[in-house]
Amino acid sequence: MNDNDEYFMKLAIQEAKKAEAKNEVPIGAVIVLNGEVIASSHNLRESSQNAITHAEILAIQEACEKVGSWRLEEAILYVTLEPCPMCSGAIILSRIKKVVYGASDPKAGCAGTLMNLLNDPRFNHQSEVVSGILVTECSTLLSDFFKSIRLRKKSEKVSKNLNESIN
């Protein structure tokens, strides 16, 4: 880990907080080229009702538009949660050099947890992977988000049961 990794992960966390403010799963991504942020995004799956609007995909699209190429060979992707299979595929196809992520994803992580698509030598491109950058901040953001959803649903259920018993 280096200071740059922490700095850019903090920017990805800011993106994740934008998602959270929209009741989206708080995942943020930032793409850096030559020390400069060229793209940033956050999850928009609920807002768009589109399964592929993950933070990484949206940031990759923005970065490709900015550089005028589908090849992001010298770029570094910072993301708060380990990339899923779809995002890992987009990372490989866009030739991103390095992926730095915060929290591991035990349900869909394809950068080392369930499998490591990013380092699979059968593909024509591999990305360096660095994990666990600001892991506590990234994990807490996600766990607090899902805890608040569970509490809200429990509260709604109690209110519904109370209303039914009154009527």
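Residue numbers here run from 1 along each chain, matching the order of that chain's written sequence. With pLDDT at 70 or above as the cut-off, local features in this predicted model cover only qualifying residues; side-chain atom pairs require 80 or more to be listed or tallied, and sums for whole chains, interfaces and linings still use all residues. Note that the side-chain values use all heavy atoms of the structure and ignore hydrogens as well as water.

1. Here's the deal with the nonpolar core
To form a nonpolar core, buried Ala, Val, Leu, Ile, Met, Phe, Trp, Tyr and Cys residues must be joined to one another through side-chain atoms within 4.5 Å. Here's how the labels work: a residue is buried when its accessible area is under 20% of the maximum for its type, exposed when over 50%, partly exposed in between, all with a 1.4 Å probe on protein chains only. Judged by nonpolar contacts, the single largest core of 47 residues is most densely connected at M9, I31, I60 and I96. What counts as a helix is a DSSP run of H or I of at least four residues, what counts as a strand is a run of E of at least two, and both are numbered from the N terminus. At the level of elements, α1 (3–21), β1 (28–33), β2 (36–42), α3 (55–67), β3 (76–81), α4 (85–93), β4 (98–103) and α5 (135–166) are the ones that each hand at least two residues to this core. With six residues, α3 is the largest single contributor of residues to this core. What makes two residues a contact is simply this: any of their non-hydrogen atoms within 4.5 Å. Once residues within four sequence positions are removed from consideration, I60 is found in contact with I31, L72, A90, I91, S94 and I96.

2. Examining the sheet that holds β1
The strand order β2-β1-β3-β4-β5 describes an open sheet built from five strands, whose pairing is mixed. If you trace the sheet from one side to the other, it starts and ends with β2 and β5 (128–130), each paired once. Ignoring which end each strand starts from, the neighbouring axes of this sheet average 20 degrees apart. At least two bridges found by DSSP between two strands is the condition for calling them paired. Sheet topology places β1 next to β3; four bridges connect them, and they run antiparallel. Looking at the pairing, V32 lines up with I76 of β3. Along the sheet, α1 makes contact with β1, β2, β3, β4 and β5, crossing β3 at roughly 55 degrees. Every axis corresponds to a line fitted to the C-alpha atoms, with the helix fit spanning only the stretch in contact, and the corresponding angles, defined between N-to-C directions, vary from 0 to 180 degrees.

3. Quick word on unusual backbone geometry
The backbone phi angle of Q49 is positive, close to 50 degrees, even though this residue is not glycine. The class for Q49 is exposed, based on a relative accessible area of 64%. The backbone of L134 sits at a positive phi, close to 50 degrees, despite the residue not being glycine. When you line up the elements, L134 lands in the loop between β5 and α5.

4. So, the packing of aromatic side chains
Two rings belonging to Phe, Tyr or Trp (six-membered ring only in the last case) form a pair when the distance between their centres is within 6.5 Å. Interplanar angles under 30 degrees mark stacking, angles over 60 mark edge-to-face geometry, and anything in between is tilted. Per the counting criterion, the structure on display carries three aromatic pairs. With a centroid separation of 5.2 Å and an interplanar angle of 75 degrees, the aromatic rings of F145 and F146 are classed as edge-to-face. Take F145: its relative accessible area is 6%, and that puts it in the buried class. Counting every residue linked through ring pairs, the aromatic cluster contains Y7, F8 and Y78.

5. Observations regarding the environment of D120
Inspection of the secondary structure assignment puts D120 in the loop between β4 and β5. Taking the C-alpha atoms as reference points, D120 and I92, 28 residues apart in sequence, are found 9.9 Å from one another.

6. Observations regarding the pattern of salt bridges
Every case where a carboxyl oxygen of Asp or Glu lies within 4 Å of a side-chain nitrogen of Lys or Arg is listed as a salt bridge. Per the stated rule, a full pass over the model turns up four salt bridges. Salt-bridge contacts for K97 lead to E74; the nearest nitrogen and oxygen are separated by 3.4 Å. Separated by 23 residues along the polypeptide, K97 in the loop between α4 and β4 and E74 in the loop between α3 and β3 bring together distant segments of the chain. When the shortest N-O distance is used, the salt bridge between R122 and D120 registers 2.6 Å. Judged by relative accessible area, which is 75%, R122 ranks as exposed. D120 gets classed as buried once you look at its relative accessible area, which sits at 11%.

7. A look at the layout of surface pockets
Within this model, the largest pocket holds a volume of roughly 480 Å³. In terms of residues, the lining of the largest pocket owes the most to one element, α5, which gives four residues. Looking at side-chain class alone, the lining of the largest pocket contains twelve nonpolar, five polar and five charged residues. Cavities and pockets were defined on a 1 Å grid built from protein atoms only: a cavity is a group of points that admits a 1.4 Å probe but offers it no way out, a pocket is an open group of points flanked by protein on both sides within 12 Å along at least five of seven lines, and a lining residue is one with an atom within 4 Å of any such point. Grid points are joined across faces, edges and corners, and a volume is the space filled by probe spheres set on the points. Residues are sorted three ways: Asp, Glu, Lys and Arg are charged, Ala, Val, Leu, Ile, Met, Phe, Trp, Tyr, Cys and Pro are nonpolar, and all the rest, Gly among them, are polar.

8. Overview of the pairing of β4
Here β4 lies mainly inside the structure; six of its six residues are buried. Bridge count for β4 against β5 is three bridges, and the pairing is parallel. Residue V99 lies in a different strand from β5, and its bridge partner there is V129.

Take it as geometry only, folks, not as evidence of what the structure does.
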